[in-house]
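Given next are the chains, with one letter for each unit.
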Amino acid sequence: MDLVLSADQKLFRATVKGFLEKEAPLTRVRELADTSTGFDRDWWSRAAELGWTAMLVSEELGGGSVSGDGLLDLAIVAEEFGRGVGPGPLLATNIVLAGLAAATDGPDHSHIVEALVSGESVATWAVYEPGGQWSPLTPGLTAKPGSDGFVLDGVKDRVELAEQADLLLVTATTEQGLTQFLVPADAAGVSVEASRSLDLVRRFAEVRFAGVEVPGSAVVGLVGRAEPLVERQLQVAIVLQSAETCGALERVFEFTTQWAFDRYSFGRPLASYQALKHRFADMKTWIEACHATTGAAARAVQDGAEDAAELVSVAKSYVGSRSTQILQDCVQMHGGIGVTWEHDLHLYLRRATVNRALYGTPEDHRLRIADIIAPSERKTS
Amino acid sequence: MDLVLSADQKLFRATVKGFLEKEAPLTRVRELADTSTGFDRDWWSRAAELGWTAMLVSEELGGGSVSGDGLLDLAIVAEEFGRGVGPGPLLATNIVLAGLAAATDGPDHSHIVEALVSGESVATWAVYEPGGQWSPLTPGLTAKPGSDGFVLDGVKDRVELAEQADLLLVTATTEQGLTQFLVPADAAGVSVEASRSLDLVRRFAEVRFAGVEVPGSAVVGLVGRAEPLVERQLQVAIVLQSAETCGALERVFEFTTQWAFDRYSFGRPLASYQALKHRFADMKTWIEACHATTGAAARAVQDGAEDAAELVSVAKSYVGSRSTQILQDCVQMHGGIGVTWEHDLHLYLRRATVNRALYGTPEDHRLRIADIIAPSERKTS
Amino acid sequence: MTDSTVEAVESFRLRARAWLAENMPRVDVDAVPPPPGDDDAEWVRTRELQKKLYAGGFAGICFPSEYGGLGLTPEHQRAFTEESEGYEMPLLLNVPTFSICAPTIMDMGSEQQKRERISAAIRGDEILVQFLSEPSGGSDLAGLVTRADRDGDTWVLNGAKTWSTCAYAADYALCLARTDWDAPKHRGLTMFLVKVHQPGITMRRITQVSGSTEFCEEFFDDLVLPADAVVGEVNGGWAVASRQLFHERTAVGGGSPFTSGRGTGRVSQPKPDLVQIARASGRAADPRVREMLGEGHALERVQEQLIRRVSIGLETGQMPSPAASIMRLGHAETDWRVDDLALEIAGGLAVSGEGPGRVGDNFLMRQGASLGGGSTEMSRNIISERILGMPREYAADRDVPFSQVKRGSS
Amino acid sequence: MTDSTVEAVESFRLRARAWLAENMPRVDVDAVPPPPGDDDAEWVRTRELQKKLYAGGFAGICFPSEYGGLGLTPEHQRAFTEESEGYEMPLLLNVPTFSICAPTIMDMGSEQQKRERISAAIRGDEILVQFLSEPSGGSDLAGLVTRADRDGDTWVLNGAKTWSTCAYAADYALCLARTDWDAPKHRGLTMFLVKVHQPGITMRRITQVSGSTEFCEEFFDDLVLPADAVVGEVNGGWAVASRQLFHERTAVGGGSPFTSGRGTGRVSQPKPDLVQIARASGRAADPRVREMLGEGHALERVQEQLIRRVSIGLETGQMPSPAASIMRLGHAETDWRVDDLALEIAGGLAVSGEGPGRVGDNFLMRQGASLGGGSTEMSRNIISERILGMPREYAADRDVPFSQVKRGSS
């Protein structure tokens, strides 16, 4: 993330860090791995009190940020989250809040926003569908006109924390086109089944919608006009995800460098072997580049810059690919211990691998970039 | 190529090597770069006397090989060729001979074969078309029935040594399907225009066919049934090309390793720096793998093995990609002198880059492999 | 037994065929392998099978008869292995018991050690393993710090070992320890035969991210070893370890005459099947994915071809023995790339970790192939130094009393 | 001239604007750049342009007036550069004459050297270059072997220099030579000011595979230099070279107050335009190619972002100065990959070398970016040693009399 932070932001970062170190150290994350929920609701309420859910929301709705640039502040939280492989719905809830905050037309959801900001409620975005790759604009899930609103039918999967969430933000195809609905997780006809997650605490589930009736007020924004909202949510998702991955890289690089100083082979520290030194130099360069592109994407999305969509995809293309490459080389630097359960490396590798795969892979985003820089040959699909 | 050679093959290799070192050292190759032909016809006749054009041809037609496995013997020549960035139509003529020898049905071309074997005549394969990538089975050039045979219309490009060749083996679409014709380069309606070549002595040209009339006896094999011949020519082309690239890699690796021993920096030879040592180790491993896959492909094609098509594409996929990677790292090892005109490195890099691009790129051949291992999703085109 | 009395291979083969059919259970092709870390029943079964072989007179085919074997030739062993196809066999004993530990004892051990340990192994009574690597060790095996101090006639062992394959199931281990701290590192080591389960040894199974628990870690607290536990010479342990490494390489290369039946009985992590992953992800027709399928397949074929080439090179003497590191480096590199391709092909499905080939889980073990059996970094040192002849890395511990060698804090 | 008499920047700007409009030719946007190796006319033109500036009183804006400059501030220079946009300017003098050589002479030279060389450069009469690298040198600049031996009051120079940018067009060069072979390598060097075109110097232009001939190689045979050719102290040449390197880094970073007008006037190899190549190859709609287009574009954007980040880090002091090597390494890596992508996208069209972006020819110079200005290997040393604090590579020539340092045979 940005090198230059304001005094307030530095203080905020320290608060976030302190809270995570005290309340969610890696030992706690490992414990949470064995629970069914993956995080603690009370803990999340306390996190919300620190403002982690307020950054993307206007002050009228109980929101507010440290610097006035809410997404940049939130990215600070995400980065610290990454350093500690944090649990809980930081990304999930904020992605939904980004959509709700941007949906200035259409039904009023301010009470829901308030409940999410307070941490009382948890929401998540239901956008992937089984077997499918990233294609958020063409959901197979349908919303047809019903007696008192809409009837939803279809299946979503890879829904983050769906078992734990109160509300689902669901992308659906209506006669008017792409539409998003806010659906209570306990609505009749909704069934949630946990799926396996590579991440120890970031859970995913498959959610089935069988004739789920929702009122017209469940629509977010305008019917058939969800595309800009989905883009906004995607941009926020990737900024947070990339910031989180940057934090993970930073931390792993720290302890791997330390290992290279402490570990001796043939009477010399690993850090004295040129072949390894050069790989550390490469990693350092790549990590700085990850920070640079994440910061640039965050700033562009924050400012609503014209090239925000492009820079978000640039960041995903770069961070998604480099992160796993760096982490695997850190495993290699550790030797056998790097692939043991007791070493923390795999916690980071799991998080980064899930981040790489989610909300479009680096490869998907390269195609998106091509559609921006060479639009005339864009595939019409 | 194969590690284990017979005594005859070893002697043959020594003869080839001696001839090339004496008659076509790199200084001579640099001189030929400034000529319009890129090679000397007399020289080629003498090369033919050594058997370089006889390997793929039966003894009845004046052919014959050292070991009985003609392609393996020829690959030895190609490898030595690569070591010295040899000039002349070794690949071009032998690819055509491979097709003629395999065309046991159809018109008799034995007099042409004899002229090619003797070195008196030179032939080349006209298979690419302007702007096009590798797609030998669907030529745009057409051959329509004429008064006394066929009339050819269309354009070929990247035709190796077309300006120097006496005969062109042309792929064409007829009403009956893919067909190959042997066309004299001086036939009425044929015009040849040299194009620029990255290689200093391996020249290419664009060849236009404007109402070129050829008799029915110009057909190679049967009308509409050229696909197996084209496949055979491709297989031979890639085996020879890969062997040539292996020879180039071997030679460049030799003098780059020597450079690393001789060149000192900070009072130590480059070869003592671990970061460089490890890169040499990688290169050594890749070069052995290039030899291994080229040898396996050559053997499979020689034996007409069921997986010959697959192994040829495996070799191209691997050698094509690794070769340029290795050579560029050798440039890097040399420092600034490695990108000067006077250093020989670029002669090798030029040859390998052309080989990489020709007869399907590594990427094209990966798609071919996918069509073999996952045929049910093969694109029908 | 003199040569003239050796049974002909064909006669032996026929006898084996008949005996196997009558005595050994057929492999159950529908049997489900046990989950990682739960193979106790398999080890019990392994001992039973070895006892059957022994009872039938088909155990220890190439071991000398004075140590409980049959004293026959590698051809006899090959014939038996061929005939054993389709039968359950005590494959878990092939590595390290029969192919590494027993031959090392045979090469370097005392007469008593040979008689007791080798014959017990052949009878199916004992399983042998290796205590070599240490938590502080890594690539530098000879830099180990587990100490054995003389105490009258006995030795007292303190320290820790790790990455001991299947030690939990074993009876005896070959354990390398430092006995002279004033000698340079290779010259102060001694090899001991250690009873695995006894007071003074605490064993812990290491869980890998793949869930496998085949490796163990052992801690020694004032473990007393009798004088006759020494294998070979006191302070001559490196010579014993070198034999072990030699037998290990031979076994890995498939050239050991002491293994019976094919394979090691341990299921290694299956390679990802890229075509299957592509199909499960619904992307097998995507040209981007097809290019990756082709690349992955090509790399796997090339690796086979490389192994073949180097093997011929080694056999014919056209390549020096360090060339084995070329195979090893090529193997690791192929694995890395294929694992990366699997992840890319799975795309958004990698989130779950499960699904086709459990792509995500598999990816967590991506470095497995480049860490086990000497790191790829060591391979690159070997290739550049011993094949290309480049100057050796500076070793700060060369010819220095080990007590003066710097050791790290981890 | 005291501060109070300095012309205000705005007044200077307006005067410059009017003068430029009246005196300097406009840039011809349709002009075709000369082919590589044929830029004599450009150099003649450059001198003319500088003479015009001098005649107009706008040359050497930030150089002290006693050496022929105007003694004004960087703000004046910036204003002039802004106003000069769109006019022909003697940009070829920016590097190395004005931004590297002249400031080094100003920092380290004698009063006479300053008065003569700096003012001649400002008048447009002389061009200055650097004789630093040597054919045997590579990354190890201070290990040079060109020798200057004392002969009475004079020095006799023998040896060779290489990679001297544009030396063919120059008048004087700063030439580093070894004057004490018994001192360790940094302490036996002396810097000389050498007339470029004179007997005893043979110059050869180096042709690169791209066709460029901007670099030269020089051979010295008993070239006699007067005593006053020494810049700085005898055997204190490394201090002078360090200033040169400092001014070079400053110039590359765009921070030199001595350059006038934007750029260096030299056309560097254009980067391949991947979209253009894809279209020319008829493959811009192929999803495989589109993925590569996206990857290449992303890398180029990330490199810009990295430069921005590191620049801020350096400016704000949050990164140490060796962090500049991070930009350098990132730049080379981006270039490599983009060149590779260009080759893959061109596919079968790369055969000809020409065509879109002359992909093949460009590929021959792929390593250009990682060799010029210190190799990427040196960057990695710097990053690991000076940023991460890892142990420095063993230098066999440290604190050793240079005559005893081993040198290679090439």
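Bear in mind that the values here come from a model prediction, so they are computed numbers and not experimental data.

1. Section: the interface of chain C and chain A
Part 1: Every contact between the two is made by 54 residues of chain C and, on the other side, 43 residues of chain A.
Part 2: For the pair chain C and chain A, the summed buried surface comes to about 4000 Å²; carbon and sulfur atoms form 56% of the total.
Part 3: For the chain C face of the interface with chain A, the top three residues by lost area are Val-351, Leu-364 and Leu-371 of chain C, together amounting to 17%.
Part 4: The interface formed by chain C and chain A contains four salt bridges.
Part 5: Of the charged contacts in the structure, one is a salt bridge between Glu-377 of chain C and Arg-279 of chain A, with a shortest N-O distance of 2.8 Å.
Part 6: Counting residues per element, the ones that place at least two in the side of chain C that touches chain A are strand E6 (201–206), helix H9 (324–346), helix H10 (359–364), helix H11 (368–371) and helix H12 (376–387) of chain C.
Part 7: The residue inventory of the side of chain C that touches chain A, partitioned by class, reads 19 nonpolar, 19 polar and 16 charged.

2. Quick notes on the interface of chain D and chain B
Interfaces are often described in size by the accessible area the parts lose on coming together.
Part 1: Listed as interface residues are 54 residues of chain D and, on the opposing side, 43 residues of chain B.
Part 2: Carbon and sulfur atoms supply 56% of the area that chain D and chain B bury against each other, a total of about 4000 Å² over both sides.
Part 3: In this assembly, chain D and chain B are joined by four salt bridges.
Part 4: When contributions to the side of chain D that touches chain B are tallied by element, the ones reaching two or more residues are strand E6 (201–206), helix H9 (324–346), helix H10 (359–364), helix H11 (368–371) and helix H12 (376–387) of chain D.
Part 5: Classifying every residue of the side of chain D that touches chain B by side-chain character gives 19 nonpolar, 19 polar and 16 charged.

3. Here we look at the packing of aromatic side chains
Residue and element names in this part refer to chain A.
Part 1: The tally for this structure, following the rule as stated, stands at 46 aromatic pairs over all chains.
Part 2: Here Trp-52 and Phe-81 contribute two aromatic rings whose centre-to-centre distance is 5.7 Å and whose plane-to-plane angle is 80°, an arrangement assigned as edge-to-face. Taken together, the residues Trp-52 in the loop between helix H3 (41–49) and helix H4 (70–83) and Phe-81 in helix H4 connect sequence positions 29 residues apart. In this pair, the class of Trp-52 matches that of Phe-81, namely buried.
Part 3: Here the aromatic residues Phe-19, Trp-43, Trp-44, Trp-52 and Phe-81 are joined through ring pairs into a cluster of three or more.
Part 4: Geometry around Tyr-273 places Arg-268 over its ring, the cationic atom sitting 3.9 Å from the centre.

4. Thoughts on the domain arrangement of chain C
Residue and element names in this part refer to chain C.
Part 1: Here chain C is described as being made up of domain 1 (26–93 + 108–125), domain 2 (130–241) and domain 3 (271–387).
Part 2: For domain 2 versus domain 3, the distance between C-alpha centres works out to 33 Å.
Part 3: With four residues of domain 2 at the contact, the number on the domain 3 side is four residues.
Part 4: Per-residue buried area on domain 2 facing domain 3 is highest for Ser-139, Val-209 and Ser-210; these three make up 87% of the total on that side.
Part 5: For the pair domain 2 and domain 3, the number of links is zero salt bridges.
Part 6: For the pair domain 2 and domain 3, the interface holds zero residue pairs in polar contact (both at pLDDT 80 or more).
Part 7: Each residue belonging to the side of domain 2 that touches domain 3 can be placed in one class, and the counts come to one nonpolar, three polar and no charged.

5. With respect to the packing of helix H7 (residues 227–262) of chain B against helix H8 (residues 274–303) of chain B
Helix packing geometry: the angle between the two helix axes and the distance between the axes.
Residue and element names in this part refer to chain B.
Part 1: Remark: H7 packs on H8, axes separated minimally by 9 Å, with the N-to-C direction vectors making an angle of 155°. By the angle between their directions, the pair H7 and H8 is classed as roughly antiparallel. Relative to H8, the crossing made by H7 is left-handed. Every residue of H8 that contacts H7 at Arg-232, Gln-235, Val-239, Ser-242, Ala-243, Cys-246, Leu-249, Glu-250, Phe-253, Thr-256, Thr-257 and Ala-260 is listed here: Phe-280, Met-283, Lys-284, Ile-287, Cys-290, His-291, Thr-294, Ala-297, Ala-298 and Val-301.
Part 2: Among the residues making up the contact of H7 with H8, the classes are represented as 13 nonpolar, six polar and three charged.

6. Thoughts on the pairing of strand E1 (residues 123–126) of chain B
All names here are of chain B.
Part 1: Taking every second residue as pointing to the same face, both faces of E1 are buried, with Ala-123 and Trp-125 on one and Thr-124 and Ala-126 on the other.
Part 2: Two strands pair when backbone bridges link them, and E1 and strand E4 (residues 167–174) are joined in this way by four bridges, in the parallel orientation. Among the inter-strand pairings, Ala-123 is bridged to a residue of E4, identified as Leu-167.

7. Concerning the environment of Asp-149 of chain D
All names here are of chain D.
Part 1: Position of Asp-149 among the secondary structure elements: in strand E2 (residues 147–151).
Part 2: You can call Asp-149 partly exposed: its relative accessible area is 29%.
Part 3: Taking the C-alpha atoms as reference points, Asp-149 and Arg-178, 29 residues apart in sequence, are found 8.3 Å from one another.
Part 4: Excluding residues that lie within four positions of it along the chain, Asp-149 makes contacts with Thr-154, Trp-155 and Val-156.
Part 5: A polar side-chain atom of Asp-149 sits 3.0 Å from a polar atom in the side chain of Arg-147.

8. So, helix H1 (residues 9–23) of chain C
Residue and element names in this part refer to chain C.
Part 1: Relative to the 21 Å expected for 15 residues at 1.5 Å per residue, H1 spans 20 Å between its end C-alpha atoms, a close match to the ideal helical length.
Part 2: Taken together, the buried positions of H1 are occupied by Phe-12, Arg-13, Ala-16, Trp-19 and Leu-20. Axial view of H1: buried residues confined to an arc of 135°, hence all on one face. Opposite the buried face of H1, by more than 90 degrees, sit the exposed residues Ala-21 and Glu-22.
Part 3: Where the residues of H1 are buried, they touch helix H2 (40–56) and helix H3 (74–84).

Reading the values: rules and limits
Residues numbered from 1 in each chain as written. Chains lettered and ligands numbered in written order. Predicted model: local features only at pLDDT ≥ 70, side-chain atom pairs only at ≥ 80, totals over all residues. Heavy atoms only, no water. Contact = heavy atoms within 4.5 Å. Buried area = accessible area lost by both parts, 1.4 Å probe. Salt bridge = Lys/Arg side-chain N within 4 Å of Asp/Glu carboxyl O. Helix = DSSP H or I, 4+ residues; strand = E, 2+ residues; numbered from the N terminus. Nonpolar A, V, L, I, M, F, W, Y, C, P; charged D, E, K, R; others polar. Phe/Tyr/Trp six-rings, centres within 6.5 Å; stacked < 30°, edge-to-face > 60°. Buried < 20%, exposed > 50% of the residue type's maximum accessible area, 1.4 Å probe, protein only. Lys NZ or Arg CZ within 6 Å of the ring centre and 35° of its normal. Domains from an automatic or database assignment. Polar contact = N/O pair within 3.5 Å; in protein donor to acceptor, adjacent residues only side chain to side chain. Axes fitted to C-alpha atoms, helices over the stretch in contact; angles between N-to-C directions. Parallel < 35°, antiparallel > 145°, perpendicular 65-115°, else oblique. Left-handed = near helix turned anticlockwise from the far one by under 90°. Pairing = 2+ DSSP bridges. Expected span 1.5 Å × (residues − 1). Arc of directions from axis to C-beta.

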